[in-house]
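# Coordinate inspection notes
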Amino acid sequence: MDTRAFKRSLHHSERYNRRGFGLGEEVAGSLEQAYQSDLIASLRSNGYELRRGRLTVRLAEAFGFCWGVERAVAMAYETRRHYPSERIWITNEIIHNPSVNDHLREMDVQFIQVDAGEKDFSGVAPGDVVILPAFGATVQEMQLLNERGCHIVDTTCPWVSKVWNTVEKHKKHDFTSIIHGKVKHEETLATSSFAGIYLVVLDMAEAQLVCDYILNGVEGRQDSNERKAAREAFMDRFAKACSPGFDPDIDLMRVGVANQTTMLKSETEEIGRLFERTMLKRYGPAELGEHFLAFNTICDATQERQDAMFALVDEPLDLMVVIGGYNSSNTTHLQEIAVSRGIRSFHIDTPERIGPDNCIEHMPLGGQIETEMPFLPEGEIRVGITSGASTPDRVVEDIIQRLIRLTGE
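Definitions and cut-offs
- Residues numbered from 1 in each chain as written.
- Predicted model: local features only at pLDDT ≥ 70, side-chain atom pairs only at ≥ 80, totals over all residues.
- Heavy atoms only, no water.
- Pairing = 2+ DSSP bridges.
- Helix = DSSP H or I, 4+ residues; strand = E, 2+ residues; numbered from the N terminus.
- Contact = heavy atoms within 4.5 Å.
- Axes fitted to C-alpha atoms, helices over the stretch in contact; angles between N-to-C directions.
- 1 Å grid on protein atoms, 1.4 Å probe; cavity = no way out; pocket = protein on both sides within 12 Å on 5 of 7 lines; lining within 4 Å.
- Points joined across faces, edges and corners; volume = space filled by probe spheres on them.
- Phe/Tyr/Trp six-rings, centres within 6.5 Å; stacked < 30°, edge-to-face > 60°.
- Buried < 20%, exposed > 50% of the residue type's maximum accessible area, 1.4 Å probe, protein only.
- Lys NZ or Arg CZ within 6 Å of the ring centre and 35° of its normal.
- Nonpolar A, V, L, I, M, F, W, Y, C, P; charged D, E, K, R; others polar.
- Parallel < 35°, antiparallel > 145°, perpendicular 65-115°, else oblique.
- Left-handed = near helix turned anticlockwise from the far one by under 90°.

Attention shifts here to the sheet that holds strand β4 (residues 88–90). Sheet architecture is open: 5 strands sit in the order β1-β9-β8-β4-β5, paired in parallel fashion. Edge strands, defined here as strands with exactly one partner in the open sheet, are β1 (16–17) and β5 (109–111). Pairing of β4 with strand β8 (residues 129–132) involves 3 bridges; the strand directions are parallel. Bridge pairing in β8 links Ile90 to Ile131. Contacts from helix α4 (residues 67–82) reach β1, β4, β8 and β9 (151–154) within the one sheet, and its direction differs from that of β9 by about 150°.

Let us look at the layout of surface pockets. Taken as a whole, the largest pocket holds about 730 Å³ of empty space. Around the largest pocket sit 25 residues that line it, and Gly117, Glu118, Thr138, Lys184 and Leu189 are the ones nearest its centre. Taken together, the elements giving at least two residues each to the lining of the largest pocket come down to β7 (118–120), α6 (139–147), α8 (186–194) and β11 (198–201). With 6 residues, α8 is the largest single contributor of residues to the lining of the largest pocket.

Before going further, it helps to examine the packing of aromatic side chains. On inspection of all chains with the given rule, the structure shows 7 aromatic pairs. Their ring planes at 90° and their centres at 5.8 Å tell us that Phe21 and Tyr83 sit as a pair that is edge-to-face. Note that Phe21 is positioned in the loop between β1 and α2 (24–35) and Tyr83 in the loop between α4 and β4, a separation of 62 residues in sequence. Neither Phe21 nor Tyr83 differs from the other in exposure class; each is buried. Between Phe234 and Phe238 the ring centres are 4.9 Å apart and the planes differ by 40°, which places this aromatic pair in the tilted class. Of this pair, Phe234 and Phe238 both sit in helix α10 (residues 224–238), 4 residues apart, which is roughly one turn of that helix. Take Phe234 and Phe238: they sit in the same class, and that class is buried. Cation over ring: Arg105 sits above Phe111, and NZ or CZ is 4.2 Å from the ring centre. For Arg282, the ring lying beneath its charged end belongs to Tyr283, and the centroid distance is 4.9 Å.

Right, let's talk about the sheet that holds strand β14 (residues 319–323) for a bit. Strand pairing in a sheet takes place through backbone hydrogen bonds and is either antiparallel or parallel in direction. One open sheet holds the 5 strands; their spatial order is β2-β3-β18-β14-β15, and the pairing between them is mixed. Of all the strands in the sheet, just β2 (49–52) and β15 (345–348) have a single pairing partner and so form its edges. Averaged over all neighbouring strand pairs, the angle between strand axes comes to 20°, with direction disregarded. Both β14 and β15 contribute to a ladder of 4 bridges, which runs parallel. Paired with Ile323 across the strands is Ile348, a residue of β15. Each of β14, β15 and β18 (381–387) is contacted by helix α15 (residues 329–340), which is oriented at about 170° to β15, the strand it contacts most. Set on the sheet, helix α16 (residues 393–407) makes contact with β2, β3 (55–59), β14, β15 and β18; between it and β18 the angle comes to about 165°.

Summed over the entire model, instances satisfying the criterion amount to 1 cavity of 30 Å³ or more. In this model, the largest cavity occupies a volume close to 250 Å³. A per-element tally of the lining of the largest cavity places helix α14 (residues 300–312) first, with 3 residues. When its residues are assigned to classes, the lining of the largest cavity shows 10 nonpolar, 10 polar and 2 charged.

This part is about the packing of α14 against α15. With their axes 10 Å apart at the nearest point, α14 and α15 run at an angle of 20° to one another. With respect to each other, α14 and α15 are oriented roughly parallel. Considering only the axes of α14 and α15, their crossing is right-handed. Counted together, Arg305, Gln306, Met309 and Phe310 of α14 and His333, Leu334, Ile337 and Ala338 of α15 form the full contact between these two elements. The class makeup of the residues in the contact of α14 with α15 is 5 nonpolar, 2 polar and 1 charged.

Encoded structure:
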């Protein structure tokens, strides 16, 4: 479908809203009470450090709620105020933070259920209000809701919309979109729905496989069985990460790079350079522009939080606590930074993960939730703390208070 034309049509609909309802002052008190923290504000103004007895807490200098998340949450609160009696749905979590989503449930906002990996929109009726989350929704979902006669409140982060515009440019000029992201992540699903031909790569290892195929492919293989095997191996690896009918021998001749906005900035940049070098080697400098496109689609907030994390892990720390939803991509990448430096690190989603008996439930990178006890060592201890872009300051404060109580015993 012509996604640009559809978006233009949707944006002119009286049942579509992406600017809020002008109720910022009315919901400001509720937002402040639920999410802001005097303690965190004090730490920000005092060098991002707190000392209590044997405990020293060092906060990253950029962490927590970003502008796009604040905007999305505020719009959700405004929506409930503007539609006090209508049924309100969200196509997914508004952001990847359990406390924020629980607050919305308390406001009688319903969440679209997922059955066997598919969203079930059967309960959504004409006239219902549906909120699109900060990381967006697929164009197919928007089309379904529009045709059903729903009121759509679109909180999609402008940085995500920027990526959609990028892949639409790829599509317009017949370039395949190479999307650095996680195949099943909601944002990547949305982005790929706006693309034409696309291929999702998770990391540098997968990007290298694609580039190796671009350089070698089936060319130079005299044996037809070898050519067939090379193609089949590639498609087996990326079968669930590409557009329908993807043909690597044709669709990798002209590529453009985009990304899920919450991926690790340095890796996205490295992947972009890898594809540029590959196309340069394959087609030469005179033809590079015909075979490679690159746009900067890295989110400023993601970049700031990652840069602040790199600065924090350069300090002497005994351990690191990374706070955010377990399904939060940007939080996971903050954890990766700590792990890469060999720092004892714990990713938790809520304050309740830290128990009064000095135990912690946490999710190791790439693993499952496990419990460690004792969590804090004896003696002087220096703890680094950061949080993902979907984590409220109030949650960070509650975790710091638990650390203070543990070390004060």
